[in-house]
Amino acid sequence: MAMATTPLQFASTIPIQKQFNTAKPHAFSSLSSRTTPPLSLRSMPPRARLPAAAADASVVMVAERQTTAATPSKTLPFRVGHGFDLHRLEPGYPLIIGGISIPHDRGCEAHSDGDVLLHCVVDAILGALGLPDIGQIFPDSDPKWKGAASSVFIKEAVRLMEEAGYELGNLDATLILQRPKLSPHKETIRTNLSKLLGADPSVVNLKAKTHEKVDSLGENRSIAAHTVVLLMKT
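Small disclaimer: the values here were computed from a predicted structure and weren't measured.

Asks: Looking at this structure, I do not really get the pattern of salt bridges. What am I missing?
Replies: Should their charged atoms come close, side chains of opposite charge can pair. The tally for this structure, following the rule as stated, stands at seven salt bridges. Among the salt bridges present, the one from E109 reaches R88, with a minimum N-O distance of 2.8 Å. Here R88 lies in strand β1 (residues 78–90) and E109 lies in strand β4 (residues 107–109), a separation of 21 residues in the sequence. The shortest N-O distance in the salt bridge between E187 and R190 comes to 2.8 Å. Note that E187 and R190 are positioned in helix α7 (residues 186–197) at a spacing of three residues, about one turn of the helix. On the basis of relative accessibility, which here comes to 47%, the residue E187 falls in the partly exposed class. Each of R88, E90 and E109 takes part in a single network of salt bridges with overlapping partners.

Here it is, written out as structure tokens:
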């Protein structure tokens, strides 16, 4: 038996696009209908013309300049500095440590008198003050420092320290050499170093160590020194 079929009918013959239209135009449609004038480089502020990365970088640079200008330099109640020096030991040179001549068959080969302790102390003071090292202030390329006594360098470092408004709080130095033994000379060296610094001997400490026959220090081919200083605001 054949079944009767009913033709499909659409609910409305209105086109689909018109079914979604509303009485009031959407806000976006009104915005999209507006005419936006083309951008002009002349109408844009200078910063807007930069690429994003360049603009960000320029903002940072301006901020850094303003921060630097607004931030005064800090006056610290104390400063700490470390110094290190090393010289080769060669025959035919005097061995001078802390301004004291030490009997030995070798001495420091250097542009000045090669006083490893005083050079080290100078660097520690300069470092505490945030200044360049001894090689920049007294370059070995300058002939006037040839064979100069290192006490000259110490006096200049002390002058800079006092000019900055600081005094020596305390100093601790360590000499490293295999020979000669410094025990007989330590007190004389410490006393002279205190005098050069204009400090009480009680705030100046000196130690000496061998290098257990390891590398050039332990083979009596070099001498080294470390110094730490504490500077106090006057």
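Here the narrative resumes, following the displayed structure.
Asks: Honestly, the packing of helix α4 (residues 116–128) against α7 in this entry has me stumped. Any pointers?
Replies: Helix-helix packing is characterised by the crossing angle of the two axes and by the distance between the axes. Contact geometry for α4 and α7: axes closest at 12 Å, N-to-C directions at 40°. Here α7 runs oblique to α4, going by the angle between their axes. Crossing hand, α4 versus α7: right-handed. Across the interface between the two elements, L117, L118, V121 and I125 of α4 pack against I189, L193, L196 and L197 of α7. In terms of residue class, the contact of α4 with α7 is built from eight nonpolar, no polar and no charged.

Asks: How do you make sense of the nonpolar core when you look at a structure like this?
Replies: Most often, soluble globular proteins keep nonpolar side chains buried together rather than apart. Formed by 45 residues in total, the largest nonpolar core has its most connected members in I97, L117, L171, L175 and L197. Here this core gets 10 residues from one element, more than from any other, and that element is α4. Setting aside chain neighbours within four positions, we find I97 in contact with I102, D115, L117, L175, L182, I189 and I223.

Asks: Help me understand α7, please; the structure alone is not making it clear to me.
Replies: Structurally, the α-helix is built with 3.6 residues per turn, so residues lying three or four positions apart point the same way. Spanning 12 residues, α7 covers 16 Å between terminal C-alpha atoms, matching the ideal 16 Å at 1.5 Å per step. What α7 keeps buried is the set I189, R190, L193, S194, L196 and L197. On an axial view of α7, the arc spanned by its buried residues comes to 160°, and they lie on one face. Here the buried face of α7 lies against β2 (95–97), β3 (100–102), α4, α6 (151–163), β5 (166–176) and β6 (204–209). The first or second residue beyond α7 is G198, which carries a positive phi of 65°.

Asks: What is the right way to read the packing of aromatic side chains from this model?
Replies: In this description, a pair of aromatic rings is defined by centroid distance and the angle of the planes. The tally for this structure, following the rule as stated, stands at zero aromatic pairs. The positively charged end of K233 is found above the aromatic ring belonging to Y166, 4.7 Å away from the centroid.

Asks: I tried to follow unusual backbone geometry on my own but got confused; where do I start?
Replies: Glycine aside, the phi torsion of most residues is negative, and most peptide linkages are trans. R179 connects to P180 through a cis peptide bond whose omega is -5°. Within the element layout of this structure, P180 appears in the loop between β5 and α7.

Rules used throughout
- Residues numbered from 1 in each chain as written.
- Predicted model: local features only at pLDDT ≥ 70, side-chain atom pairs only at ≥ 80, totals over all residues.
- Heavy atoms only, no water.
- Salt bridge = Lys/Arg side-chain N within 4 Å of Asp/Glu carboxyl O.
- Helix = DSSP H or I, 4+ residues; strand = E, 2+ residues; numbered from the N terminus.
- Buried < 20%, exposed > 50% of the residue type's maximum accessible area, 1.4 Å probe, protein only.
- Axes fitted to C-alpha atoms, helices over the stretch in contact; angles between N-to-C directions.
- Parallel < 35°, antiparallel > 145°, perpendicular 65-115°, else oblique.
- Left-handed = near helix turned anticlockwise from the far one by under 90°.
- Contact = heavy atoms within 4.5 Å.
- Nonpolar A, V, L, I, M, F, W, Y, C, P; charged D, E, K, R; others polar.
- Core = buried A, V, L, I, M, F, W, Y, C linked by side-chain atoms within 4.5 Å.
- Expected span 1.5 Å × (residues − 1).
- Arc of directions from axis to C-beta.
- Phe/Tyr/Trp six-rings, centres within 6.5 Å; stacked < 30°, edge-to-face > 60°.
- Lys NZ or Arg CZ within 6 Å of the ring centre and 35° of its normal.

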